[in-house]
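# Residue-level structural notes
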Amino acid sequence: MGERTGQASRDTETTASTTLRRWYHVPVLCALVAFMLWVRLQAYGVFARREGVALSGVDSWYHWRTINYSVENWPWALSYDVWTGYPSGSYVGQFGTLFDQLIATVALIVGLGDPSQATIYRVALLSIPVMGALVALPTYGIGRRLGGRPGGLVGVALLALFPGTFLRRSTVGSLDHHVGEMLFMSIAVLAMMVALGVAERDKPVYEQFAERDLSGLGRPLAAGALAGIALALYVWTWPSGVILIGVFGVFLAIALTVEYARGASPDHIAIVGALALGVAGVCTALMIERWAANATGFGYLQPVLALGVAAGCLFMAWLARFWDARGLPRWGYPAAVLGLIVVVGAVVAVVLPDLFGTLSTNVRQRLFFGQTGTTLTIAEAQPPDDAAARAFTEYRFAFYTGAVGLLSLLARPLFGREYRAEHLLIVVWALFVTSMAFTQVRFNYYLAVVVAVCNAALIGELVRWFGIDRAASLRGIEPHQTLVVVAVALALVVPLIVPAAGTTAVAAGAATGPNSDALTWEGSNQWLANNTPEQGQWGGANGELDYYGSYDIPEDGDYDYPSGTYGVLSWWDYGHLITVQGERIPHANPFQQNADSAAAFLTADEDRAELLVEAIPAADGGVTGRSDEELAALAEEDTNEQLRYVMIDDEMAAGKFSAIATWGDASYASYFGQREIDVDNETTTVRGLDEGYNETMLSGLYYDDAASLEHYRLVHESPDTTQFVSVAVQDSDGEWRSVYVNRENTRQLQFQIQQLRTNPNLDIVDVQRFDVREESAVKTYERVEGATLTGEAQPGENVTAELELTAETSDRTFTYTQETTADEDGSYELTVPYATNEELGTEAGYTDSAVVAEGDYEVTAGGETATAAVGEEPIYGGGTVSVDATGEE
């Protein structure tokens, strides 16, 4: 009895041990996915409790528009948008893709076909953390193929703990396609690995097609087709994902060459590679929206490149057979392949220069630090200032151990290990993604998965090296066998969970919140939506422009807007906010469309700025670089399209001005000069913004309330204010220098100034502030013809018109001033933009201004003062008003 009981106990233990060994990864993986989801959902209440929509990125707002568009027009997606990029409209390319359609579809299902805005919002908020957590599944799949189940689980654990770009792009509120990119790229790479594995097991060859051996070809063909579909899904999510087609192309060229050099037939790799890329090419061809070689939209670039790689696979397989048939030396094959690639590249450059130019530009900008100066004004498109520090911030030591894991994949054949093409795929993919992340910091969301799976490969090697994978049971594993593996795992994980080493994933997820720009602009854009005429109704017109309407892409790329539409000019960063929050049409947008003309306006003086604004609707080739005479000729052309409003915020006036200057005609440094400041009743000279900056439209509108400008009137300002300050320091030698110029006086800046005062390691004996000023965070101006005040004075006398105004939203009073000199006959004319009474409103097609006059204009000449009342009709129509009279002549 006792023996049977003992045997039963051993059998039970063996069964439990076997079950645990077989299935332990499932609960662990589920727990890691649940943890990733929780980390990303911590701040859900911050977004859900707000009235209306709150998102954590500016681009997220445009995805909110495209998701709503897909809900309204399902199953169609937004591809060409007339509600941005005024006066031409914009092909939106990277938006309105599979990413947005998936979220819209879920919202329609949850909302039973008619979801409310609240339902769409909740689905959108939850979709991003869910996608982010699901990235764990293909990461585990890749990691398992490289390093077994222990490696796969460690890779997922690292991915769950990374606190950097990958986490930020996948937390609640980050409604952007990046998380979709991560998910579908990982799936595509895993699918290609599986297809390669199947091909290496079944070894399909050309003769099987000739003999119609479908049973022998079934598995490789199915795996290759699925890999192609997965690749297509990735490109459907992000058209610029054409980069992965290039990665697969480089891999296949190397893999086929290596296979032939090893003395084996490359047919099996060529077959699945050609099928995968061929399927991807056909699928992406279905999405062509315009015939253009554009990586940021659906054109012929994606299918042509995919089908070209597929054809290349078949050609290389044929070439290998040709090489063998001729008895040519194997070493010549790689040289022939390389030479043919160069020849094909040269032919494409000559025959299809647009395609070649697009490919070379994207490779240069995404892989080899080839960004232009204007591209570098985008923070996420810049390379890291300190690559090593950035890597540690993102991944701690896992970046370096991942590099070791990557080397272990390359070195496996050197130690008698089986060569597998899928390992080479990971090496090529990892090198490409690493180069992308070091060229543009945003691509660290891709690198996170690469670092995770490369560490999975390392763990797998350690497990194999110490024989853990060969243990018959858990009891068969000796403690010393696991010591190194556990030590490495702890070295990877501990720095990611100890706050002393940097921000943890839990802390980073909890700190997620709405985008500050969106919060700052929310009130101004809501005012814009409620107090300016609907699109198509400006000036009493009866045009219409459906906010969720479908519009065909114009052949010339320039939409013909109906009468009564108008644009809003601001910096490109805020275009999506104006479109979505304000439901008005921005001139410049975060596609960087029209950034050059916006910068030209903001950095111009009033005379040139007026020429630019008048010329923009008629300038097909843009306005930058044109002379005043050319702009004046364009301004004479008849067009219904006009830019009616200008919006400027605190960041444009301060921190973002360097980017604006970079896009403009002059460098940022050209706006600096020597400034005199007063220190203890003594004058000293430091470096600061000079008159060149003060004469720009940006400065005149934001800091000077458009004083002396003839065609711009303030119609709204936000009640929140921002203080600006410049700071100079004196060293022990008595020399003064400026350290901060025209900076927003944030808490961080105040701390930095305090450090200047108290840090004993700095040679600073005095700190002085200068150019301290405070303005509303966002100011909105309306561009009008302006009324002309006419009167009589003594010849040559100085004439001044003043009007006291109150901004109702901020309860601030200021004075508008305009000056001129009387002519030889004693007559004078003054053009002024403000009305002294409200006659018109949105019902009539005009603006309900939130800035009101406190009386009439007071016109002073030779010590005598007269008054003039000005209505809104002459302000809009350019009428004439006599001083001491109230009517229009």
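Cut-offs used in this document
Residues numbered from 1 in each chain as written. Predicted model: local features only at pLDDT ≥ 70, side-chain atom pairs only at ≥ 80, totals over all residues. Heavy atoms only, no water. Patch = residues over 30% accessible without salt bridge, like charges linked within 9 Å, V, L, I, M, F, W, Y side chains within 5 Å. Areas by Shrake-Rupley, 256 points an atom, 1.4 Å probe, with all protein chains shown as cover. Salt bridge = Lys/Arg side-chain N within 4 Å of Asp/Glu carboxyl O. Lys, Arg positive; Asp, Glu negative; His and termini not counted. Charge placed at Lys NZ, Arg CZ, Asp CG, Glu CD. Helix = DSSP H or I, 4+ residues; strand = E, 2+ residues; numbered from the N terminus. Buried < 20%, exposed > 50% of the residue type's maximum accessible area, 1.4 Å probe, protein only. Pairing = 2+ DSSP bridges. 1 Å grid on protein atoms, 1.4 Å probe; cavity = no way out; pocket = protein on both sides within 12 Å on 5 of 7 lines; lining within 4 Å. Points joined across faces, edges and corners; volume = space filled by probe spheres on them. Nonpolar A, V, L, I, M, F, W, Y, C, P; charged D, E, K, R; others polar. Axes fitted to C-alpha atoms, helices over the stretch in contact; angles between N-to-C directions. Parallel < 35°, antiparallel > 145°, perpendicular 65-115°, else oblique. Left-handed = near helix turned anticlockwise from the far one by under 90°. Contact = heavy atoms within 4.5 Å. Polar contact = N/O pair within 3.5 Å; in protein donor to acceptor, adjacent residues only side chain to side chain. Expected span 1.5 Å × (residues − 1). pLDDT = per-residue confidence, 0-100. Core = buried A, V, L, I, M, F, W, Y, C linked by side-chain atoms within 4.5 Å.

### Observations regarding a negative patch on the surface
- A contiguous patch of negative charge on the surface is contributed by Glu 802, Glu 804, Glu 808, Glu 819, Glu 838, Glu 839, Glu 854, Asp 856, Glu 858 and Glu 873.
- With respect to the helices and strands, Glu 873 occurs in helix α33 (residues 872-877).

### Some thoughts on the pairing of strand β8 (residues 712-717)
- The buried count for β8 comes to six of six residues, which makes it a mostly enclosed element.
- Sheet topology note: the β8/strand β12 (residues 778-783) ladder contains five bridges and is antiparallel. Pairing of Leu 714 across the sheet is with Tyr 781, part of β12.

### Regarding empty space enclosed by the protein
- Counting across every chain of the model gives three cavities of 30 Å³ or more.
- What the largest cavity holds in volume is close to 60 Å³.
- Every residue lining the largest cavity is listed: Pro 384, Ala 387, Arg 390, Ala 391, Tyr 395, Phe 399, Ala 437, Phe 438, Asn 444 and Leu 447.
- Residue assignment for the lining of the largest cavity shows that the elements contributing at least two residues are α17 (387-395), α19 (421-439) and α20 (444-465).
- Tallying contributions element by element places α17 first for the lining of the largest cavity, with four residues.
- In this structure, the second largest cavity encloses a volume near 40 Å³.
- Around the second largest cavity sit Ala 653, Ala 654, Phe 657, Tyr 668, Phe 672, Leu 689, Tyr 693, Val 741 and Asn 742, which together line it.
- For the lining of the second largest cavity, a count of residues per class yields eight nonpolar, one polar and no charged.

### Here's the deal with the pattern of salt bridges
- With the rule as written, the count across this model stands at 23 salt bridges.
- A salt bridge links Glu 610 to Arg 783, with the nearest nitrogen and oxygen atoms 3.3 Å apart. Taken together, the positions of Glu 610 in helix α26 (residues 606-615) and Arg 783 in strand β12 put the pair 173 residues apart, joining distant regions of the chain. Exposure class is identical for Glu 610 and Arg 783. Each is buried.
- By sharing partners, the salt bridges in this structure join Asp 705, Glu 717, Glu 775, Lys 779 and Arg 812 into a single network.

### So, the sheet that holds strand β10 (residues 736-744)
- Taken in spatial order, the three strands make up an open sheet running β10-β9-β11, and their pairing is antiparallel. Both outer strands of the open sheet, β10 and β11 (766-776), are each paired with one neighbouring strand and no more. Averaged over all adjacent pairs, the angle separating strand axes in this sheet is 15°, with direction ignored.
- Sheet analysis places strand β9 (residues 721-730) next to β10, joined by six bridges and oriented antiparallel. Bridge assignment links Phe 724 to a residue of β10, and that residue is Glu 744.

### Some remarks on a nonpolar patch on the surface
- A surface patch of nonpolar side chains, amounting to about 450 Å² of accessible area, comprises Val 343, Val 347, Val 350, Val 351 and Leu 352.
- Within the element layout of this structure, Val 343 appears in helix α15 (residues 332-351).

### Some details on unusual backbone geometry
- In this structure, Pro 75 follows Trp 74 across a cis peptide bond, with omega equal to 10°.
- By secondary structure assignment, the location of Pro 75 is in the loop between α4 (58-73) and β1 (80-81).
- Put simply, Tyr 86 and Pro 87 share a cis peptide bond, and its omega is 10°.
- At Asn 742, a residue that is not glycine, the phi angle is positive and equals roughly 50°.
- With respect to the element layout, Asn 742 can be found in strand β10.

### A few points about the pairing of strand β15 (residues 812-821)
- Where strand β14 (residues 798-807) and β15 come together, ten bridges link them in antiparallel fashion. Pairing of Asn 798 across the sheet is with Thr 821, part of β15.
- The antiparallel hairpin formed by β14 and β15 contains four residues in its connecting segment, where Asp 811 sits at a positive phi of about 55°.

### Regarding the packing of helix α6 (residues 117-134) against helix α9 (residues 178-202)
- The contact between α6 and α9 brings their axes to 9 Å, and the two run at 25°. Taken together, α6 and α9 sit at an angle that is classed as roughly parallel. Every pair of crossing elements has a handedness; the one defined by α6 and α9 is left-handed. On α9, the residues that touch Ile 128, Met 131, Gly 132 and Leu 134 of α6 are Val 179, Gly 180 and Leu 183.
- Counted by class, the contact of α6 with α9 contains five nonpolar, two polar and no charged residues.

### A look at the side chain of Asp 267
- Take Asp 267: it is sitting in helix α13 (residues 267-285).
- Since its relative accessible area comes to 4%, Asp 267 is described here as buried.
- Polar side-chain contacts of Asp 267 include one of 2.5 Å to the side chain of Arg 321.
- The residues touching Asp 267, leaving out its near neighbours within four places in the chain, are Pro 204, Val 205, Tyr 206, Ala 317 and Arg 321.

### Describing the sheet that holds strand β13 (residues 787-792)
- An order of β16-β13-β20 is seen for the three strands of this open sheet, with the pairing classed as mixed. Each edge of the open sheet carries a strand with a single partner, namely β16 (827-832) and β20 (880-882). On average, each strand axis in the sheet is tilted by 30° relative to the strand beside it, whichever way the strands run.
- Pairing between β13 and β20: three bridges, direction parallel. The residue bridging Leu 789 from the neighbouring strand is Val 881, located in β20.

### Describing the packing of helix α18 (residues 398-411) against α19
- As a packed pair, α18 and α19 sit with axes 9 Å apart at the nearest point and diverge in direction by 145°. α18 and α19 meet at a crossing whose hand is left-handed. Of the residues in α19, those in contact with Phe 399, Leu 406, Leu 409 and Leu 410 of α18 are His 423, Ile 426, Val 427, Ala 430, Leu 431 and Phe 438.
- Across the contact of α18 with α19, the residue classes tally to nine nonpolar, one polar and no charged.

### Comments concerning α13
- Relative to the 27 Å expected for 19 residues at 1.5 Å per residue, α13 spans 26 Å between its end C-alpha atoms, a close match to the ideal helical length.
- Here α13 lies mainly inside the structure; 16 of its 19 residues are buried.

### Looking at the confidence of the model for the protein
- Within the protein, residue pLDDT values average 88, and 93% of them lie at 70 or more.
- Every residue in residues 471-477 is under pLDDT 50, and counting partners more than four places away or in other chains gives 13 contacts.
- The low-confidence segment residues 885-889, where pLDDT is below 50, has 13 contacts with residues more than four positions distant or belonging to other chains.

### Considerations on the nonpolar core
- By size, the foremost hydrophobic cluster in this structure holds 247 residues, and its most contacted members are Leu 277, Trp 429, Trp 571 and Leu 789.
- The contact partners of Leu 789, leaving out residues within four places of it in the chain, are Ala 801, Tyr 828, Glu 829, Leu 830, Val 832, Tyr 857, Val 859, Ala 868, Val 870, Val 881 and Val 883.
- In this structure, Val 725, Leu 749, Leu 756 and Val 767 belong to the second largest nonpolar core, which totals nine residues.

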